[in-house]
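These are the residues of each chain, in order.
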Amino acid sequence: MKLGVLFSGGKDSTYALDLADRDENKVVCLISIKSENKDSYMFHTPNIDITSLQSESLDIPLIKKITKGKKETELKDLENAIKEAKKKYGIEGIVTGAVESVYQGTRIQKICDKLKLWCFNPLWQFNQIDLLNELIKNKYEIIISSIAAYPLNESWLGRKIDKKTILELKNLQEKYGINPAGEGGEFESLVINCPKFNKKIKIKRSEIEYKNNAGKYNILEANLK
Amino acid sequence: MKILVISTCKNKLSEYEFIRPFLKYKPRIENYKEIKSIKWADKIIITGTAIQDNDYINNIDSFEWITKIKKPIIGICSGAQIIGLVNGGKKIKNKEIGMVKTNGKIFGKKLNEVYSIHQNGIINVEKFEIIAKSEKSDQIIKHKEKEIYGIYFHPEVRNMWIVDKFIEA
């Protein structure tokens, strides 16, 4: 089956792509939505422009659309992007990296149902700590690209996710109820290398924005190495 | 406890979504088209599948064994539809996507909101009683004499206790 992946460049959508591009299925395009609303419930926002480099590294074409990020029109913008993928690449199904978000999951299921596309959520209900460990085991290089929850602070921005980070996130989950996969918006991630990439993302220049347990690691310049 | 999980998924990619939540019971997993034996299992879970997948309905004869055995079975979403269909139920259009307010009890505990992703419902299932309902449709049916349950929603989301209780009971 030809598939399109809703792709933010973060760990969940990249790993979902990895699981989807096997057996009887082939990922033929990536779909990224750039939201101008940094508080979007639907879309991951930091470093979304890096999806162009990731698409090049994966050798899978990218459909990128901009949305103003207003609550219900952003869904229409997503639907239009999926329609374009169906027309241009003949996709028969959509893959998402949704783990627990019923809000996101339900809305994407409804769009797929309307457009008569299959909907696949290969990470659905995956235990968050197990998911992080599986990514590390599979040699994913992931950095934290934004934070938005106490007690995460500036030191987390740009930090690589490794075994030590996972242990710290597990402790924060127990102590403060932080979702260790960041799906509640506590943090967002960016994959800079993984087995599906032909080349690694090399970050050349970056800056940090931070205030009161919220911040972003903005990549200003990057290339493929 | 020996658990058999029967996949109703046509596409292998759906199995991550519909089987992974049950791996904690350390089951044997078989696709419904390739079941080797059922005799050894103590309890059986028949999984759900993607909303667009109707392959199991086209192959409903593969599930006739359900009417002949006495083992505890829990069917989830498409699994529940299968249980209903092989027991004489009638398929109707009943699209539900999202959280649905539900009234009823299972294993002594009250239900509240459940997560549904389906386009069909099954009505008039012989020898079964309806033990939970939403405003629009039946949500759980139970065989009047056997430990066979059909759960039309997905307990994997926010209601995994139902499957835990089924396994423990």
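Everything quoted here is computed from the prediction, not taken from an experiment.

What follows deals with the overall build of chain B. Scanning chain B for helices and strands turns up 4 helices and 10 strands. Along chain B, helices and strands appear, N-terminal first, in the series β-α-β-β-α-β-α-β-β-β-β-β-β-α. Scaling as 2.2 N^0.38, a compact globule of 169 residues should have a C-alpha radius of gyration of about 15 Å, and chain B matches this with 14 Å. Overall, the C-alpha framework of chain B stretches about 40 × 35 × 30 Å when taken along its three principal axes.

Another aspect to go through is the sheet that holds strand β2 (residues 26-35) of chain A. Residue and element names in this part refer to chain A. Ordered in space as β3-β2-β1-β4-β5, the 5 strands form an open sheet in which the pairing is parallel. Both edges of this open sheet fall to β3 (62-67) and β5 (118-120), since each of them pairs with a single strand only. Here the average twist between neighbouring strands, direction ignored, is 25 degrees. Bridging between strand β1 (residues 2-6) and strand β4 (residues 93-95) involves 3 bridges; their strand directions are parallel. Each bridged residue has a counterpart across the sheet, and for Val5 the counterpart in β4 is Val95. Running over the sheet, helix α1 (residues 11-20) touches β1, β2, β4 and β5 and is turned about 170 degrees from β1. Sitting on the sheet, helix α3 (residues 73-89) is in contact with β1, β2, β3 and β4, with an inclination near 155 degrees to β2.

A word on helix α4 (residues 102-114) of chain A. Under the 1.5 Å per step criterion, the end-to-end length of α4 of chain A is 18 Å for 13 residues, consistent within 8% with the ideal 18 Å. Every buried residue belonging to α4 of chain A is among Gly105, Arg107, Ile108, Gln109 and Cys112 of chain A, and all of these are buried. If you follow the buried residues of α4 of chain A, they end up packed against β1, α3, β4 and β5 of chain A together with β5 (90-106) and β7 (113-123) of chain B. Positive phi appears at Lys116 of chain A, one or two residues downstream of α4 of chain A, with a value of about 55 degrees.

Residues and elements named next belong to chain A. Domain annotation for chain A reports domain 1 (2-120) and domain 2 (134-224). Distance from the C-alpha centre of domain 1 to the C-alpha centre of domain 2: 20 Å. Looking at the side of domain 1 that touches domain 2, the elements that each hand over two or more residues are α1 and α2 (51-58). Class assignment of the residues belonging to the side of domain 1 that touches domain 2 gives a composition of 7 nonpolar, 8 polar and 5 charged.

On to the interface of chain A and chain B, then. Each side of the interface is counted separately: chain A has 19 residues, and chain B has 18 residues. Where the side of chain A that touches chain B is concerned, the elements lending two or more residues are α1, α4 and β5 of chain A. Among the elements that make up the side of chain A that touches chain B, the one with the highest residue count is α4 of chain A (5 residues). Its residues assigned to classes, the side of chain A that touches chain B shows 10 nonpolar, 5 polar and 4 charged.

Residue and element names in this part refer to chain A. Strand order in this open sheet of 4 strands is β7-β6-β9-β8, and the pairing throughout is antiparallel. With one partner strand each, in any of the chains shown, β7 (187-193) and β8 (201-211) form the two edges of the open sheet. Taken over all neighbouring pairs, the strand axes of this sheet differ in orientation by 25 degrees on average, direction set aside. Direction of pairing for strand β6 (residues 141-148) relative to β7: antiparallel, over a ladder of 6 bridges. Looking across to β7, one finds that Ile147 is bridged to Phe187. Docked against the sheet, α2 engages β8 and β9 (214-224), running at close to 45 degrees with respect to β9.

Bringing helix α6 (residues 163-176) of chain A into the picture now. All names here are of chain A. With 14 residues, α6 extends 20 Å from end C-alpha to end C-alpha; this agrees with the ideal 20 Å at 1.5 Å per step. When you tally the buried positions in α6, you get 1 out of 14 residues, a small fraction of the element. Immediately beyond the C-terminal end of α6, within one or two residues, lies Gly177, with a positive phi of roughly 75 degrees.

With that settled, consider unusual backbone geometry. Look at the link from Tyr150 of chain A to Pro151 of chain A: it is a cis peptide, with omega at 5 degrees. One can find Pro151 of chain A in the loop between β6 and α6. Backbone geometry places Asp59 of chain A, a non-glycine residue, at a positive phi of 60 degrees. Turning to its location among the elements, Asp59 of chain A is positioned in the loop between α2 and β3. A positive phi angle is found at Cys77 of chain B, which is not glycine, with a value near 55 degrees.

Reading the values: the criteria
- Residues numbered from 1 in each chain as written.
- Chains lettered and ligands numbered in written order.
- Predicted model: local features only at pLDDT ≥ 70, side-chain atom pairs only at ≥ 80, totals over all residues.
- Helix = DSSP H or I, 4+ residues; strand = E, 2+ residues; numbered from the N terminus.
- Rg over C-alpha atoms; globule rule 2.2 N^0.38 Å.
- Pairing = 2+ DSSP bridges.
- Axes fitted to C-alpha atoms, helices over the stretch in contact; angles between N-to-C directions.
- Contact = placed C-beta atoms within 7 Å.
- Expected span 1.5 Å × (residues − 1).
- Buried ≥ 20, exposed ≤ 12 C-beta atoms within 10 Å, placed from the backbone.
- Domains from an automatic or database assignment.
- Nonpolar A, V, L, I, M, F, W, Y, C, P; charged D, E, K, R; others polar.

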